[in-house]
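A closer look at the structure
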Amino acid sequence: MQPFTYVRPETTADAVRAFADAGDGARYIAGGTTLYDLMKLRVERPRHLIDVTAIAGLDAIDTSGDVLRFGALAAMSDVAADPVVAGDYPVLAEALLKAASQNLRNMATIGGNLLQRTRCLYFRDPGAANFPCNKREPGSGCAAIDGLDRGQAVLGVSDACTAVSPGDWPVALTAMDAEVELLGPGGTRTLAVADLYRLPGSTPHDEFALEPGEMVTAVMVPKTPAGAASTYHKIRDRESYAFALASAAVALEMDGERVTRARIALGGVATRPWRATGAEAALAGADLTPETALAAGHAALEGATPGRHNAFKIELGARTVADALLIAAERSRA
Ligand SMILES: Cc1cc2nc3c(=O)[nH]c(=O)nc-3n(C[C@H](O)[C@H](O)[C@H](O)COP(=O)(O)OP(=O)(O)OC[C@H]3O[C@@H](n4cnc5c(N)ncnc54)[C@H](O)[C@@H]3O)c2cc1C
């Protein structure tokens, strides 16, 4: 085991200071449901852990204003169970409830969920086979591209990496134009969740648009009536406790059967949460029917590049979007 130091500051300011003082090899840790895993697998080897779980108030959930505000330490299960989230924003509640297991959701935080790393087989296995992985070891190559790529992305891929962005929650947040609040040595700033994730390009190890030492302090979602006509539709190898093969977060504003505005984001098929602006534009002003929904689904997958074993994700992704649109439209009639 690689030794590491551990501190548990009680304020955000102390956490940021502790991170800066620790220097190279520092990591924040919250629920630990993915970082400890990666340490045991020797994929992550932090030298300093800054445990943020003693920071009072960082788990607050406030749904009273124009914006839903979730502290970074709020448990996934608590956010999903909040009455306003569960009642008025099914896309958010479903994205959380269809992730992991109840035990994990009780432990895992909504801030940590945003920054979890890919489940690509080759990224997570630096063991005896020591598969090359540009995300884990920059410049080493990508074993997935000529390997078992059934689970890999078809959108946003590069010659260096096809790893899927794993989280469900960031996909729902991307569809809902959510923002993250960040605190770092340079102060506080907000960033669109959609802009938190970088495309892999030639530097797949550089995943998040964070400044050194920045921590997530909150997630904000603007309130919208479209929340009620929304869903997170997730297709996976088994019905529970599995990552998405394809998923779609959809929220609709409707005038009768006509779509006035659609928000669509995809998961499971892309290297980052994927906002499908082409599909949104194709639907604006159209009546929502099974045919227009499927056409929007195909528009959402435009430009997809399959590998050896994952071409099925293109049709699956399109149909997942189409089904999500029909579920959301049904909710708009309620
Ligand atoms: C078996 C299993 C199945 C799963 N299935 C799913 C699934 O289907 N869908 C899904 O979306 N997720 C799934 N997950 C992932 C799970 O949701 C994440 O592990 C969890 O959300 C991470 O939250 P955490 O608080 O435990 O993060 P941690 O493990 O503590 O941290 C994760 C990362 O975030 C960073 N971090 C944490 N908090 C902060 C902060 N406030 N500021 C800055 N950086 C921070 C850490 O440095 C680390 O890099 C699964 C996990 C497991 C183990």
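For the structure, see preceding data.
Each chain has its residues counted from 1, running along the sequence as written. Where local features are concerned, this predicted model is filtered to residues with pLDDT of at least 70; where side-chain atom pairs are given and counted, the filter is 80 or more; whole-chain, interface and lining totals use all residues. Hydrogens and water are ignored here; the side-chain numbers use all heavy atoms of the structure.

This brings us to the overall build of the protein chain. Broken down by element type, the protein chain carries 12 helices and 12 strands. Taken over the C-alpha trace, the protein chain has a radius of gyration of 20 Å; the compact-globule value for 334 residues is 20 Å, and the two agree within 12%. Oriented by its inertia axes, the alpha-carbon framework of the protein chain measures out at about 60 × 50 × 35 Å. Counting over 334 residues, the protein chain shows a buried share of 51%. By definition in these notes, contact holds between two residues if any of their heavy atoms fall within 4.5 Å. Here the analysis covers contacts within the protein chain between residues at least 6 apart in sequence; of these, 65% occur between residues at least 24 apart. Residue burial considers only the protein chains on display, and all accessible areas are found by Shrake-Rupley using a 1.4 Å probe. If you sum the accessible surface of the protein chain, you get close to 14400 Å²; carbon and sulfur atoms cover 52% of it. Positive charge is attributed to Lys and Arg, negative charge to Asp and Glu, and no charge count is given to His or to the chain ends. All charge positions are set by atom: Lys at NZ, Arg at CZ, Asp at CG, Glu at CD. Each charge class in the protein chain was averaged separately, 32 positive and 40 negative side chains, and the resulting centres sit 5 Å apart. Helix and strand labels come from DSSP, where a helix needs a run of H or I of at least four residues and a strand needs a run of E of at least two; each type is numbered from the N terminus. Radius of gyration here uses only the C-alpha atoms, and the compact-globule reference equals 2.2 Å multiplied by the residue count raised to the power 0.38. Each residue is placed in one exposure class: buried if its accessible area under a 1.4 Å probe, protein chains only, is under 20% of its type's maximum, exposed if it is over 50%, and partly exposed if it falls in between.

This paragraph deals with the environment of Q152. Relative to the assigned elements, Q152 resides in the loop between α7 (110-114) and α8 (169-175). Sequence separation between Q152 and A163 is 11 residues; the distance between their C-alpha atoms is 5.4 Å. When neighbours within four sequence positions are excluded, Q152 is seen to be in contact with C120, A144, T162, A163, V164, N310 and K313.

Together, M1, F4, Y6 and Y36 make up an exposed nonpolar region whose accessible area comes to about 450 Å². Mapped onto the elements of the fold, M1 is located in the segment before β1 (5-7). By relative accessible area, M1 is classed as exposed at 81%. Within the patch definition used here, like charges are joined within 9 Å and nonpolar side chains (Val, Leu, Ile, Met, Phe, Trp, Tyr) within 5 Å, considering only residues with over 30% relative accessible area and no salt bridge. Take a side-chain nitrogen of Lys or Arg and a carboxyl oxygen of Asp or Glu: if they are within 4 Å of each other, that pair is a salt bridge.

Summarising the element assignment, K234 is placed in strand β9 (residues 230-235). Under this definition, polar contacts are N or O atom pairs within 3.5 Å; protein pairs additionally need one hydrogen-donor-capable and one acceptor-capable atom, and for neighbouring residues in sequence, both atoms have to be side-chain atoms. A polar atom in the side chain of K234 sits 2.8 Å from the side chain of D168. Separated by 2.9 Å, the side chain of K234 and the backbone oxygen of A242 make a polar contact. What K234 contacts, discounting residues up to four positions off in sequence, is K98, A99, D168, A242, F243, A244, A246 and S247.

This part covers the site of the ligand. Near residues are defined by distance, with any heavy atom within 4 Å of the molecule or strand qualifying the residue. Lining the immediate surroundings of the ligand are 29 residues, of which Y28, G32, T33, T109 and D168 lie closest. In the environment of the ligand, an oxygen atom lies 2.8 Å from a nitrogen or oxygen atom belonging to the backbone of G32. In the environment of the ligand, a nitrogen atom lies 2.9 Å from a nitrogen or oxygen atom belonging to the backbone of V216. For the ligand, whose unbound accessible area comes to 970 Å², protein coverage reaches 93%. Elements with a contribution of two residues or more to the shell around the ligand: β2 (26-29), α2 (35-40), α7 and β8 (215-222). The residue classification treats Ala, Val, Leu, Ile, Met, Phe, Trp, Tyr, Cys and Pro as nonpolar and Asp, Glu, Lys and Arg as charged. All others, Gly included, are polar. Its residues assigned to classes, the shell around the ligand shows 16 nonpolar, nine polar and four charged.

We now examine the packing of helix α11 (residues 290-300) against helix α12 (residues 312-332). To define axes, lines are fitted to C-alpha atoms, for helices over the stretch in contact only, and angles between the resulting N-to-C directions are given on a 0 to 180 degree scale. Relative to each other, α11 and α12 sit at 135°, their axes nearing to 7 Å. In terms of orientation, α11 lies oblique with respect to α12. The interaxial crossing formed by α11 with α12 has right-handed handedness. Across the interface between the two elements, P290, A293, L294, A296, G297, H298 and A300 from α11 touch E315, A318, R319, V321, A322, L325 and L326 from α12. Of the residues contributing to the contact of α11 with α12, the split by class is 10 nonpolar, two polar and two charged. Note on angle classes: values under 35 degrees are labelled roughly parallel, values over 145 roughly antiparallel, values of 65 to 115 roughly perpendicular, and the remainder oblique. Handedness of each helix crossing follows the sense of rotation of the near helix against the far helix: counterclockwise by less than a right angle gives left-handed, clockwise gives right-handed.

Any link to function would need more than the numbers given here.
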